[in-house]
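Observations on chain architecture
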Amino acid sequence: MAQATVEPAAPTPRNRQPDGMPMLIGLGVLIAVLIAGGITAMSGARPLASLGLPDPGTLTTIGLPAVRAAAETFMVLTLGGTLLAAFLVPPQRSGYLDVSGYRALRIASWTAVGWTVAAALLIPLTVADALGRPVSDVLDLRLLVDLVPRLSASTSWGFTALIALVVVVGCRTVLTWGWSVVLFGVALLGPLPVTLTGHSASGGSHDIATNSLVLHVLAASLWVGGLVAVLVLAAGRAPDRLTGLATAVPRFSRLALVCWTALAVTGVVNALVRIPIAALFGSTYGLLILLKTAALIVLGAMGAAHRRSSVDAAAQGRPGALLRLGGAEVVLMAATIGLAVALGRSATPDTGEGAPSRLEVVLGYDLFGPPTPAALAFGWRFDLIFGTAALAMALCYVLGVLRLRRRGDAWPVGRTIAWLAGCAALLIATSSGIGPYGHAMFSVHMAEHMILSMLVPILLVLGGPVTLALRALPPAGRTGPPGPREWLLAGVHSPVARLLTHPLVTLPLFVGSYYLLYFSGLFAAALPEHWAHVVMNLHFLLVGSLFFWPIVGIDPAPRRLPPAARLGVVFASVPFHAFFGVALMSYNSVIGGEYYRSLGLPWVPNPLDDQRLGGGLAWASGEIPLLLVVVVLLIQWSRQDERSARSADRRAEVDGDAELKAYNAMLSRLATGTAPLVAQSDESECSPGHTKVDANDVEEPSDDQGGPTPEGIAAGQGSSIEDGNAAEVDRRR
């Protein structure tokens, strides 16, 4: 982590938080623990009891949900602190955290300690619950080392504890805004291991249930944690409190509305997947869902009251109404966390439906025939993660274009078409029949892989989203707090972006990930897990975008390559890609054969033939996007030459073709052997070797030359420079 030469001073005793906020936070943790443990004790809910496992004892049965409620409460508090430091309060102009951000990370370090301890305690508790034995019987290190890797719940809590420990260290060492963003990203990974392997990850429709639960938990964590962090800021007495509130409260109000909407939608989807509407009444599971729904409605009403009465006042330095209403909201949110934990411990009611089929257990859905063109085109199963991302990306892009049009600025239609086509390709690859069949057949999976790693990234980078965002988003100015535009600039100019766009990094990632994934056993191990499919799709998109951005992207990349180098990188990837397809076609064993045979698809009698078909698709379909890249590169190269020629002509008109005259004079001296005496020379004042230089001869600095640091950009510096660069790039292209 980056270290400052001078560490910011810690808050003095007179600036420390009053007793009210620690008491409120402690009360929230206690409420969540009591509700989760109390409901579990009263209902006797224990999902593993249906498997015939013995009772592990009261300590495990009640202690597990109670400790989990504490872990999740500490988790959302930690996320809120890192969120506040990264995006809700402005840093100093130097890029280092201001007092509010520094204090938020200090408080988050203590909540992260509680998160780490609770997650570590859940490892033996989940082992005892899975074995049906008292927790005292499993407190043996050798036994835990042997059993934890075999139990997904225990393994996921182990990963969670490790992430929380990293956050503890980060909160104690991070001092700059850029690293606070990285720390927030690490903390945001914390809820994922348990969410992706919980009860929603098994049974019918587990793909929809898991995706909806991931979005649900992330939205709830940002909402609850962000609210507590804002309240801690409002209750403080730091000198920068008013400045922080003026920025944090409006930003969090907008974020809270988005989170509440996401919670409502994903909660309904997850509930409908788990239980029919008619079964909501008459069961503990249905009652808990109804209670969560009522709490969500009340919280939404509180949020509306915030926007009417307290947001503007708090932004102006009068946080009284925000603290009063926010305190009640935090208590209700803590109770909702306890309800959610108790809901996770409750088994869904028996609705009288038959047992799910083999495909529904493994895939989460049934396939009712071979992958005909009609089935691939019309057999849609909407992907809540990538499908939602595709629609959101298209909507944001269109809104940006409309903002430019209303302002009277033009935006090339071709870029809009390319971006919308990329979003459509992402939606089709993940939500049409290609997505469901891609989990069951290697050939369809490979077609999906080629679309996500090659076609979608090429179309997206040709849309120029960064340039559009820089023109559409309002600049913060030199005195205002940095906003989304400055965050985007900081990310583009960051050392991480420069590293990840280096050809020596992107080329091995792009072509090497094929061989590493499919020929190392990773793909076979990932096939049965839904979360692994999500990670693979995300990997394909990110690696493809990093590879094609500096090659054919419209946006200025952190590392600009000359046209010849871009063409060379593309041609260097072609043989590796072609050989990968040939290797798949000639491979004599089935990759993931055990998984594919367990599906028993009647239209795939020989998985090896299907794998060879997938290799052929990888070989053939992969060359088409690469050919498109070559064509785009040649067009861009030609246009760059035309722009250079026009620029040279304009310069010649201004300086009287001084460059040509100087060149002719040099040739004359070489031919006659005359010494280049300045006093007797026919050269103009603008010729090389003279100290007087006309302003028109000074070249503009390139993108690779020096400029504001990423931390300074994040703090609001360099906005006018980037405004000019963005406008010039857009005018030229």
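Reading the values: rules and limits
Residues numbered from 1 in each chain as written. Predicted model: local features only at pLDDT ≥ 70, side-chain atom pairs only at ≥ 80, totals over all residues. Heavy atoms only, no water. Helix = DSSP H or I, 4+ residues; strand = E, 2+ residues; numbered from the N terminus. Buried < 20%, exposed > 50% of the residue type's maximum accessible area, 1.4 Å probe, protein only. Contact = heavy atoms within 4.5 Å. Areas by Shrake-Rupley, 256 points an atom, 1.4 Å probe, with all protein chains shown as cover. Patch = residues over 30% accessible without salt bridge, like charges linked within 9 Å, V, L, I, M, F, W, Y side chains within 5 Å. Salt bridge = Lys/Arg side-chain N within 4 Å of Asp/Glu carboxyl O. Polar contact = N/O pair within 3.5 Å; in protein donor to acceptor, adjacent residues only side chain to side chain. Core = buried A, V, L, I, M, F, W, Y, C linked by side-chain atoms within 4.5 Å. Phe/Tyr/Trp six-rings, centres within 6.5 Å; stacked < 30°, edge-to-face > 60°. Lys NZ or Arg CZ within 6 Å of the ring centre and 35° of its normal. Axes fitted to C-alpha atoms, helices over the stretch in contact; angles between N-to-C directions. Parallel < 35°, antiparallel > 145°, perpendicular 65-115°, else oblique. Left-handed = near helix turned anticlockwise from the far one by under 90°. Nonpolar A, V, L, I, M, F, W, Y, C, P; charged D, E, K, R; others polar. Disulfide = S-S within 2.5 Å. pLDDT = per-residue confidence, 0-100. Expected span 1.5 Å × (residues − 1). Arc of directions from axis to C-beta.

Now for the overall build of the protein chain. Within the protein chain one finds 29 helices and zero strands. For the protein chain, buried positions account for 48% of its 733 residues. Contacts in the protein chain between residues at least 24 apart in sequence constitute 80% of all its contacts with a sequence separation of at least 6. Carbon and sulfur atoms make up 67% of the accessible area of the protein chain, which amounts to about 33,700 Å² in all.

Once that is clear, we can look at a nonpolar patch on the surface. A cluster of nonpolar side chains, namely L395, V398, L399, L402 and L420, defines an oily patch on the protein surface of about 400 Å² accessible area. The leading source of residues in the nonpolar patch is helix α14 (residues 386-407), at four residues. If you trace the backbone, L420 turns up in helix α15 (residues 413-431).

Attention now goes to the side chain of T266. As for its placement among the helices and strands, T266 is situated in helix α9 (residues 241-274). With a relative accessible area of 7%, T266 lands in the buried category. A polar contact is formed between the side chain of T266 and the backbone oxygen of L263, at a distance of 3.5 Å. The contacts of T266, once residues within four sequence positions are left out, are S212, L215 and H216.

The next point concerns the nonpolar core. Y518, F523, F548 and V552 are the most contacted members of the largest nonpolar core, which has 74 residues in total. In this structure, F548 is in contact with S453, M454, P457, I458, V461, F510, G553 and V629, ignoring residues within four places of it in sequence. V76, V89, V230 and A248 belong to the second largest nonpolar core, which has 61 residues in total.

In the structure shown here, the tally under the stated rule is six salt bridges. With a shortest N-O distance of 2.8 Å, R381 and D207 are connected by a salt bridge. Within this pair, whereas R381 is found in the loop between α13 (373-378) and α14, its partner D207 is found in helix α8 (residues 206-235), the two being separated by 174 residues in sequence. Taking relative accessible area as the criterion, D207 reaches 9% and is therefore assigned buried. R471 serves as the salt-bridge partner of D409, at 3.7 Å between the closest nitrogen and oxygen. Of this pair, D409 sits in the loop between α14 and α15 while R471 sits in helix α18 (residues 465-472), and the two are 62 residues apart along the sequence.

Any two aromatic rings considered together are summarised by their centre-to-centre distance and by the angle between their planes. Applying the stated criterion across every chain yields a total of 18 aromatic pairs. For the pair Y514 and F580, a centre-to-centre distance of 5.2 Å together with 25 degrees between the ring planes defines the contact as stacked. Of the two residues, Y514 is situated in helix α21 (residues 503-519) and F580 in helix α24 (residues 563-586); the sequence distance between them amounts to 66 residues. Comparing Y514 with F580 shows no difference in burial state: the two are buried. With centroids separated by 4.9 Å and ring planes inclined at 80 degrees, the aromatic side chains of F547 and F548 adopt a geometry described as edge-to-face. The exposure class of F548 is buried, given its relative accessible area of 0%. Put simply, the rings of F442, F510, Y514, Y515, Y518, F519, F523, F547, F548, F580 and Y587 touch in pairs and so form one group of aromatic residues. The residue whose ring lies beneath R415 is W411, and the NZ or CZ to ring-centre distance is 4.9 Å.

Now for the packing of helix α2 (residues 58-88) against α8. Where α2 meets α8, the closest approach of the two axes is 7 Å, and the angle between their N-to-C directions is 65 degrees. Our classification of the angle between α2 and α8 gives roughly perpendicular. Crossing handedness for the pair α2 and α8: right-handed. Within the contact between the two elements, α2 uses M75, V76, L77, L79, G80, G81, L83, L84 and L88 and α8 uses S221, L222, V224, G225, G226, V228, A229, V230 and L233. Looking at side-chain class alone, the contact of α2 with α8 contains 13 nonpolar, five polar and no charged residues.

What follows concerns the side chain of T247. Within the secondary structure, T247 sits in helix α9. Overall, T247 belongs to the buried group, its relative accessible area being 8%.

At a minimum axis distance of 9 Å, the contact between helix α5 (residues 152-173) and helix α6 (residues 177-188) shows a crossing angle of 160 degrees. With respect to their mutual orientation, α5 and α6 come out roughly antiparallel. Note on packing geometry: the crossing formed by α5 with α6 is left-handed. Residues I163, V166, V167, G170 and C171 of α5 form the contact with α6, whose own contacting residues are L183, V186 and A187. Across the contact of α5 with α6, the residue classes break down as seven nonpolar, one polar and no charged.

Between two cysteines, a covalent bond joining their sulfur atoms is known as a disulfide. All told, the structure shown has zero disulfides when counted by the stated rule. Left unpaired, C423 is separated from the closest cysteine sulfur, that of C396, by 9.5 Å. Among the residues examined, C423 registers a relative accessible area of 3% and is labelled buried.

Looking now at the confidence of the model for the protein chain. Per-residue confidence for the protein chain gives a mean pLDDT of 82, with 83% of residues at or over 70. Contacts of residues 678-733 to residues separated by more than four positions or lying in other chains number 88 contacts, the stretch itself having pLDDT below 50.

Here the focus is α14. End to end, α14 covers 32 Å across 22 residues, agreeing with the expected 32 Å (1.5 Å per residue, within 8%). Those residues of α14 lying buried are F386, G387, A390, A394, Y397, G400, V401 and L404. Around the axis of α14, the buried residues are gathered within 165 degrees of arc, so they sit on the same side. Set apart from the buried face of α14 by more than 90 degrees, the exposed residues are L395, C396 and R406. Elements that come into contact with the buried residues of α14 comprise α15, α18 and α23 (530-552). Looking one or two residues past α14, G408 carries a phi angle of roughly 95 degrees, positive in sign.

The residue R68 is located in helix α2 in this model. Between the C-alpha atoms of R68 and L122, which are 54 residues apart in sequence, the distance is 7.0 Å.

Taking 1.5 Å of rise per residue, the 19 residues of α15 would be expected to cover 27 Å, and the 27 Å separating its terminal C-alpha atoms lies within 8% of that figure. Taken residue by residue, α15 has R415, T416, A418, W419, G422, C423, A425, L426, L427, A429, T430 and S431 as its buried positions.

On to the environment of V258, then. Along the polypeptide, V258 turns up in helix α9. Expressed as a C-alpha distance, the spacing of V258 and A219, which sit 39 residues apart in the sequence, is 8.2 Å.

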